[in-house]
Every structure is written in structure tokens, then in C-alpha cells.
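# Observations on the model geometry
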Amino acid sequence: MVNSTASSTRKPAGVGALPPTMVSRLRDAGLRRTLATRAVLGLFLARKGQGLSHTEVFSELRTRGIDIDRVTLYRLLDRLALHEVLQREVDEARAFRYWLAPEEATASASASVLAGPVFECKQCHQRVPLSLPSDVWEAWWQKTRTTLKRNRHQAQELQVKVFGHCASCQEET
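The rules we used
- Residues numbered from 1 in each chain as written.
- Predicted model: local features only at pLDDT ≥ 70, side-chain atom pairs only at ≥ 80, totals over all residues.
- Heavy atoms only, no water.
- Pairing = 2+ DSSP bridges.
- Helix = DSSP H or I, 4+ residues; strand = E, 2+ residues; numbered from the N terminus.
- Axes fitted to C-alpha atoms, helices over the stretch in contact; angles between N-to-C directions.
- Core = buried A, V, L, I, M, F, W, Y, C linked by side-chain atoms within 4.5 Å.
- Buried < 20%, exposed > 50% of the residue type's maximum accessible area, 1.4 Å probe, protein only.
- Contact = heavy atoms within 4.5 Å.
- Arc of directions from axis to C-beta.
- Parallel < 35°, antiparallel > 145°, perpendicular 65-115°, else oblique.
- Left-handed = near helix turned anticlockwise from the far one by under 90°.
- Nonpolar A, V, L, I, M, F, W, Y, C, P; charged D, E, K, R; others polar.

Bringing the sheet that holds strand E4 (residues 118–121) into the picture now. For sheets, the rule is that strands pair by backbone hydrogen bonds, running either parallel or antiparallel. With respect to topology, 3 strands assemble into an open sheet ordered E5-E4-E6, the strand pairing being mixed. On the outer flanks of this sheet lie strand E5 (127–129) and strand E6 (161–164), each paired with one strand and no other. Averaged over all neighbouring strand pairs, the angle between strand axes comes to 25°, with direction disregarded. As paired elements, E4 and E5 share 3 bridges and run antiparallel to each other. Paired with Glu-120 across the bridge in E5 is Arg-127.

Turning our attention to the nonpolar core. Counting residues in each nonpolar core, the largest one holds 26 residues, and the members touching the most others are Val-40, Leu-41, Phe-44, Val-57, Leu-61, Leu-73 and Leu-80. Listed by contribution, the elements that provide at least two residues to this core are helix H1 (20–29), helix H2 (35–46), helix H3 (54–63) and helix H4 (70–82). Top contributing element to this core by residue count: H2, with 6 residues. Every residue in contact with Leu-61, bar those within four places of it in the chain, is listed here: Ala-39, Val-40, Ile-66, Ile-68 and Leu-73. Among the nonpolar cores identified, the runner-up in size contains 5 residues, and Phe-119, Cys-124, Cys-166 and Cys-169 belong to it.

Looking now at H1. Every α-helix winds through 3.6 residues per turn, so residues three or four apart in the chain are directed the same way. Looking at H1, one finds that the buried residues are Met-22, Val-23, Arg-25, Leu-26 and Ala-29. Axial view of H1: buried residues confined to an arc of 160°, hence all on one face. H1 presents Pro-20, Arg-27 and Asp-28 as exposed residues on the side facing more than 90 degrees away from its buried surface. Backbone geometry just after H1 places Gly-30 at a positive phi near 75°.

Two quantities define a packed helix pair, namely the angle between the axes and the distance from one axis to the other. The N-to-C vectors of H2 and H3 enclose an angle of 105°; their axes lie 11 Å apart at closest approach. Between H2 and H3, the angle falls in the class roughly perpendicular. Every residue of H3 that contacts H2 at Ala-39, Val-40, Leu-43 and Phe-44 is listed here: Val-57, Glu-60 and Leu-61.

Contact geometry for H2 and H4: axes closest at 11 Å, N-to-C directions at 65°. As the angle between them shows, H2 and H4 are arranged roughly perpendicular. Crossing hand, H2 versus H4: right-handed. Seen from H2, the contacting residues are Ala-36, Thr-37, Val-40, Leu-41 and Phe-44; seen from H4, they are Leu-73, Leu-76, Leu-77 and Leu-80. Taken together, the residues that form the contact of H2 with H4 break down as 8 nonpolar, 1 polar and no charged.

As C-alpha cells, then:
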């Protein structure tokens, strides 16, 4: 729960109005624009393309003067992921990481195909879409689905990620 005893004269850093598209997404999902919701989404909007763990979000919110309970934050992140405002995935350390979901996010497998493969930095968890012509990507996906169907498997989701270190992280080492 967000601490309501925080100084009423000081607005926590990083909590402001959300862009109209984000307000619309929250309204369409039936979610409220609480201080905690605005703070969390403001953090993800400021770090577009970067995946954050619960611990990283919690720490950053504390740094910005937002006192939120860890369990409340877990629930909020999961609720935002459930309504496709955020995306949640398990990283190689078996920790959940959250990303701002693309505005055209949808639960259909074919839509995830159109997003194409991504490169993800193992250090900073920044994501960069990889260029691949959509017709090539779609043809590959259709062939794969046909093969799976022939073996009585049903594909529901496709994720293609290339892991490595981004240019910025390589420069730091």
C-alpha cells in the first residue's frame, strides 16, 4: 500500500500525468490511476525498452520517495501484466522481469509474430527489435505452425530472443 503519511507538500519525484494513450489503456482495462500505478508506469515510460525486476522497481520507487509495500507492488505489476499494460517474462536467473507492453499488444499468437525477434542485453535488459521483413517472418511462422499441427501440437505463442551485451554495456566493461 502506498504510504499516505508522506509529506502532503512534496509530490514524490517521477509521479505525474500519464500520456493520453496510457490513460486510455488503463481505462479500457478497468484499472484505476492510483499514485502507485502512475509512479510505476512513469518509471517504465522513462525506461522504454528496459526490463525491470520487482526489486529494481521497488528500489527505484523508494529512491523517488514513494513508499509502497512489496506485496502491493507485486500485485500491481501482475495486474498490469494481466491487462497487457506490462509484459512479464522470466529471465535466465528465474526472476520475473517486466516491460512496457507495446500499444498494439494482444493475446493472439499471430500478433506476437508480427512483433518479430528481439535482442536483449543480459546486463541492462534493454530490448532492441531486430529487423526482419514481415513477409519472411510470417512465412516462417506459417511453416512452423503447419509442422506443429501435423504432429497434433497447438502453438499459442512465439518468442524469439537473441541474448548478448548491448554496445553501452560493452563500453562499461
